[in-house]
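Each chain, letter by letter, is given below.
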Amino acid sequence: MNNETENRIINIMSAVFEIPADEINEESSPDTIKSWDSLKHINLVVALEEEFGVQFSDNEIIDLSNYPLIVSTLKGKISV
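Described below are features of the structure shown in this document. As the structure is a prediction and not an experimental result, all values here were calculated from the model. (Residues numbered from 1 in each chain as written. Predicted model: local features only at pLDDT ≥ 70, side-chain atom pairs only at ≥ 80, totals over all residues. Heavy atoms only, no water.)

### Observations regarding the pattern of salt bridges
- A full pass over the atoms with the stated rule returns 3 salt bridges.
- Among the ionic pairs, R8 bridges to E51, the shortest N-O distance being 2.8 Å. Within this pair, whereas R8 is found in helix α1 (residues 3-17), its partner E51 is found in helix α2 (residues 38-52), the two being separated by 43 residues in sequence.
- The residue E18 makes a salt bridge to K40 at a minimum N-O spacing of 3.7 Å. Highlighted residues: E18 in the loop between α1 and α2 and K40 in helix α2, separated in sequence by 22 residues. (Salt bridge = Lys/Arg side-chain N within 4 Å of Asp/Glu carboxyl O. Helix = DSSP H or I, 4+ residues; strand = E, 2+ residues; numbered from the N terminus.)

See below:
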């Protein structure tokens, strides 16, 4: 996955969780982002689906629990 795609993911996470983009990294998860609750998780899923033109399954939605998993799940859905 290229840097442009990862930057798009970071910008979406920044907007959804209302935190600076530079605070998002390989450790970003509900444990490290205080505003990451169930409602914001759904907002994140919807924003990612809209941005990348993909649809996540129920299991994938549950698995989108940290930044590296979001990147790898999207990598499997899009060709960059």
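### Notes on helix α4 (residues 67-77)
- When we look at burial in α4, the residues that qualify are Y67, I70, V71, T73 and L74.
- Elements that come into contact with the buried residues of α4 comprise α1, α2 and α3 (58-63).
- One side-chain oxygen of the residue at the start of α4 lies 2.9 Å from the amide nitrogen of L69, identifying that residue as N66. (Buried < 20%, exposed > 50% of the residue type's maximum accessible area, 1.4 Å probe, protein only. Contact = heavy atoms within 4.5 Å. Polar contact = N/O pair within 3.5 Å; in protein donor to acceptor, adjacent residues only side chain to side chain.)

### Structural notes on the environment of A21
- Along the chain, A21 turns up in the loop between α1 and α2.
- Take A21: its relative accessible area is 30%, and that puts it in the partly exposed class.
- Sequence separation between A21 and N7 is 14 residues; the distance between their C-alpha atoms is 8.8 Å.
- Other than its neighbours up to four places away in sequence, A21 contacts I10, N11 and S14.

### Here's the deal with the side chain of H41
- Within the secondary structure, H41 sits in helix α2.
- Beyond its immediate sequence surroundings of up to four residues, H41 is in contact with W36, I61 and L64.

### Digging into the packing of α1 against α4
- Relative orientation of the contacting elements α1 and α4 amounts to 130°, with a least axis distance of 11 Å. One finds that α1 runs oblique with respect to α4. Crossing angle aside, the handedness with which α1 passes α4 is right-handed. Contacts between α1 and α4 involve E6, I9, I10 and M13 from the former and Y67, I70, V71 and L74 from the latter.
- In terms of residue class, the contact of α1 with α4 is built from 7 nonpolar, no polar and 1 charged. (Axes fitted to C-alpha atoms, helices over the stretch in contact; angles between N-to-C directions. Parallel < 35°, antiparallel > 145°, perpendicular 65-115°, else oblique. Left-handed = near helix turned anticlockwise from the far one by under 90°. Nonpolar A, V, L, I, M, F, W, Y, C, P; charged D, E, K, R; others polar.)

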